[in-house]
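# Inside the fold
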Amino acid sequence: MSEMKEYSLPVPVKPPAEIESLELPVPPGLDEKATKGDEIVLFVGPQHGGSGHMRLIVRVHGDVIREVIPDPGFVHRGVEKLAENKLYIQNIPLVERPAIMDCVNFSLGYVRAIEQAMDIEVPERAKYIRTMLAEICRIGTHFYDAGILSVFLGHTTGFMWPFALRELACEVLMRVAGARITASYVVPGGVRRDVDNSTLNYIYEATTYIQRKAKDFERIFVRNPVTIARLKDVAALSKKEAIKYGIVGPFLRACGVEYDVRAVEPYDAYDELTWDVIVADEGDSYSRFLVRVNEIQQSISIIKQCVKALKDMPQGNIVSADIAGKKKAKEGEEKRGLDTVKGAFFRLFGRLTLPAGEYTTLTEAARGTLLYTIVSDGKSNAPYRLRVVTPGWCYLKGFMESLKGCRVADLQAVYGSFGYFPPEADR
Amino acid sequence: MKDVNAENIEFLGSGALAPVKKWGAKWSLWAVHLVTSCCGVELAHAYASGYDAERWGTLNFGMMRQTNLIIVEGTITKKMARALRITWEQMPDPKFVILIGACGIEGGLFWNSYHITRPWKIVPVDYFVPGCPPTPEGLISAVRALQKKIERGEARTTVDFKEADLAKILGTEAGKERKPPKPPLKIAEKPEIKIEPKEVDWEFGNQLVDKLRGKIPYAEVFTTNVNRIYIKTNAKFYKKVAKALESEGFDHVKSINVIDVLHENKFIVECSVSSYSVKELMPVIVTFAAEIDRNNPRIPSLTDIWLSADYQEREMHDFFGVWFEGNPNMGQKFLIAPEVETPLRKDFKLEEPSYVLEESK
């Protein structure tokens, strides 16, 4: 691009007073510097077309973005502080609120930290149920992000399709856990209740349907020339940059790094199932989207394997015997846990206290690596400190850096391609 | 404050054109795209093909200037409150507000958070939809109720609750004093934060620990679990340890954490790093920690080694007031509203739940 010659206009331009009063997180003198030169400081948000809210302070030269400064925290609700004032078990609904469409993954990470601390072995059946639901949430979240991306691109059909398919994921959660999106289904030592065979059949049929319809969605939106034109080669990050900015999840894999927590540090039933880590090389907006579209297919395959395995297993035994407080099993018998937490909830979890120490777990949530650190003092029945690092918070840096050099009109497309969800990032 | 809701309805019902105005407003309740929080997921479902709320003439639309309805989805934080008010003020009259989610009513799960407000104190609300999150049907019924309100000119509740005699249910009428249940929460007075070595069966880790011990003899290196290594150091060697780890192949920061130990008057600053580029190190998380004085919490920033530490350091600065020397953005609020000061310190107390039924607040 050839640089245009600059003409100075003798018009006195004053930076708007809001810059002072809003207390924006910008370096001092940004507004003056920009207005003196031929740059414009553009505010995007907090009210914008996306999902959740944040403000982007964009320094523009012509219509090329020079720098983007984030102003997050519009949905910061203080999960970390609130967790210090609630029982361990009460925190399960709390930790899944940041990203409710991904609820099972979010509660799974937290619960696994408790299990790690108490050294609980989870029964096989509970492991498979958890894995299955985690993947259903992953599909749901990827569809959600695809829908929001289409809203950003102004593609209404692309919004309707994934949300219609998400209804199935909601239906599955409703049949299994009782709630459309906030399942609060995973508890320390297992899951809340069992899944019967008719529900398993439904899940199998639903995934088959999603698989078929996802192909149509690909034809309508993913391989749509408009989508490709808006996303291809936009805001590309190299592998080196992606590592430097600490990007996570599918966005990291889109840059060519083969890192998936489910593969590098398998939890629950992931090491017993066969699936591929989807990796792309381009690192642009389109490959960030494609990686997730392909992950949906992998998730479907995982769910089907889980359904098959669950059907072969005997019903019951979904809460670990370690936490159920059962006495030692008889000779030659395996220790058997509970079949449901019904009626035993407060006895099992009301006075849960972890041994003193620090416990960190990594989980592959739909949008990337989710880290929980529980610090326990060994005496309280609430965490002394709970650190939650959500994927959105991790890739925010990379998201901001990738925008440098893009056109202003691409900003929405890049925002959508990252699936940035402010409630999740701000916690 | 004037009753804006009543004024709007009065305006629609006045003059010769009243039937037309009512009809027009009723079938064009366009909601501004202000997806404030997680209830937005259900809002999206309500407007997508599953429920298709557009059938009732309501549609989510981009700009506030072209809309006449705000659907407040759940939590409004202190930072967002201003944006909500500005959005509401910029909308043309007559305008309406529907508030969905338990967070919007009395805070819901986040009722005692330091960063949330009650949205009905900021904008005049026409209808509330409780639920966490409410179902799309709930939202649609609120829209229908609002349409009926416009048509009739008066608001009616959609649910009639039976009145219950609390004294009878609780058994307090006979002069019996009812003891409130004991709060289940037990928080230790002087908690001890100790992170201790644990012998684990992890060959690679034990080799790595030996290697690190040779490299950083001034720090204490041990395993705490499989794939977890902990390094105890101090503020002086904090950066040196970071550099040593970087040369080992640890290339990004997973988490920066601060633990406030109030009665010992210290902060423990922890930094967890891992690797994307070295395959063997991928599952390993090395956490190195330094204790610093609580009155003057300063520690060197790691942004020049790992850029991924930047936002997390700024976040910890917001939460605890720890000053990361070398990070160019210190002294600015990043994640939380300007009026909230160091909320995650242990001496910042939240409102505690009350286990006694009070008459009326």
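In this text, all values refer to a predicted model and were calculated from it rather than measured experimentally.

Thresholds applied
Residues numbered from 1 in each chain as written. Chains lettered and ligands numbered in written order. Predicted model: local features only at pLDDT ≥ 70, side-chain atom pairs only at ≥ 80, totals over all residues. Heavy atoms only, no water. Helix = DSSP H or I, 4+ residues; strand = E, 2+ residues; numbered from the N terminus. Rg over C-alpha atoms; globule rule 2.2 N^0.38 Å. Contact = heavy atoms within 4.5 Å. Lys, Arg positive; Asp, Glu negative; His and termini not counted. Charge placed at Lys NZ, Arg CZ, Asp CG, Glu CD. Buried area = accessible area lost by both parts, 1.4 Å probe. Salt bridge = Lys/Arg side-chain N within 4 Å of Asp/Glu carboxyl O. Polar contact = N/O pair within 3.5 Å; in protein donor to acceptor, adjacent residues only side chain to side chain. Pairing = 2+ DSSP bridges. Axes fitted to C-alpha atoms, helices over the stretch in contact; angles between N-to-C directions. Phe/Tyr/Trp six-rings, centres within 6.5 Å; stacked < 30°, edge-to-face > 60°. Buried < 20%, exposed > 50% of the residue type's maximum accessible area, 1.4 Å probe, protein only.

Secondary structure summary: chain B contains 10 helices and 14 strands in total. For 361 residues, the compact-globule formula gives about 21 Å, and the C-alpha radius of gyration of chain B, at 28 Å, lies well above that figure. If you line up chain B on its principal axes, its C-alpha atoms span 90 × 60 × 40 Å. The contacts in chain B between residues at least 6 apart in sequence include a share of 65% that link residues at least 24 apart. Taking the average location of the 48 positive side-chain charges in chain B and that of its 49 negative ones, the two points are 2 Å from each other.

So, on to the interface of chain B and chain A. The interface is formed by 91 residues belonging to chain B together with 91 residues belonging to chain A. Between chain B and chain A, a total of about 7600 Å² is buried, with carbon and sulfur atoms accounting for 60% of that surface. Scanning the region where chain B abuts chain A turns up seven salt bridges. Applying the counting rule to chain B against chain A returns 35 residue pairs in polar contact (both at pLDDT 80 or more). Of the residues forming the side of chain B that touches chain A, the biggest block, nine residues, is contributed by strand β10 (residues 252-261) of chain B.

On to the sheet that holds strand β1 (residues 39-44) of chain A. Two pairing modes exist for strands in a sheet, parallel and antiparallel, and in both the strands are linked by backbone hydrogen bonds. Residues and elements named next belong to chain A. Reading across from one edge, β1-β2-β3 is the order of the three strands in this open sheet, with antiparallel pairing throughout. Unpaired on one side and paired on the other, β1 and β3 (64-71) mark the two borders of the sheet. Neighbour to neighbour, the strand axes of the sheet diverge by 20 degrees on average, direction disregarded. Where β1 meets strand β2 (residues 55-61), six bridges bridge the pair, whose relative direction is antiparallel. Its bridge partner being in β2, Glu 39 is matched across the sheet by His 61.

Below, the discussion takes up the sheet that holds strand β12 (residues 285-293) of chain B. Residue and element names in this part refer to chain B. An order of β8-β9-β12-β11-β10 is seen for the five strands of this open sheet, with the pairing classed as mixed. Two strands in the sheet have a free side with no partner beyond their single neighbour: β8 (220-225) and β10. Averaged over neighbouring strand pairs, the angle between their axes works out to 25 degrees when direction is ignored. Docked against the sheet, helix α9 (residues 238-248) engages β9 (228-234), β11 (266-274) and β12, running at close to 170 degrees with respect to β12.

Moving on to the environment of Ala 146 of chain A. Residue and element names in this part refer to chain A. Residue placement: Ala 146 occurs in helix α6 (residues 124-153). Expressed as a C-alpha distance, the spacing of Ala 146 and Ala 214, which sit 68 residues apart in the sequence, is 11 Å. Sequence-distant contacts of Ala 146, defined by excluding residues within four places in its chain, comprise Gly 158, Pro 162, Phe 217, Phe 221 and Phe 289.

All right, on to the packing of aromatic side chains then. Residue and element names in this part refer to chain A. All chains considered together, the criterion is met by 28 aromatic pairs over all chains. Plain terms: the ring middles of Tyr 144 and Phe 421 are 5.8 Å apart, the flat faces sit at 80 degrees to each other, and that makes the pair edge-to-face. With a gap of 277 residues between them, Tyr 144 in helix α6 and Phe 421 in the loop between α17 (411-418) and α18 (422-426) connect regions that are remote in the sequence. Neither residue differs from the other here; Tyr 144 and Phe 421 are each classed as buried. A centroid spacing of 6.2 Å and a plane angle of 75 degrees characterise the contact between Tyr 395 and Tyr 420, whose relative ring orientation is edge-to-face. Here Tyr 395, found in helix α16 (residues 391-402), pairs with Tyr 420, found in the loop between α17 and α18; they are 25 residues apart in sequence, far enough to count as distant. Neither residue differs from the other here; Tyr 395 and Tyr 420 are each classed as buried. Ring-pair connections join several aromatic residues into one group, and the members of that group are Phe 152, Phe 251, Tyr 395, Phe 399, Tyr 415, Phe 418 and Tyr 420.

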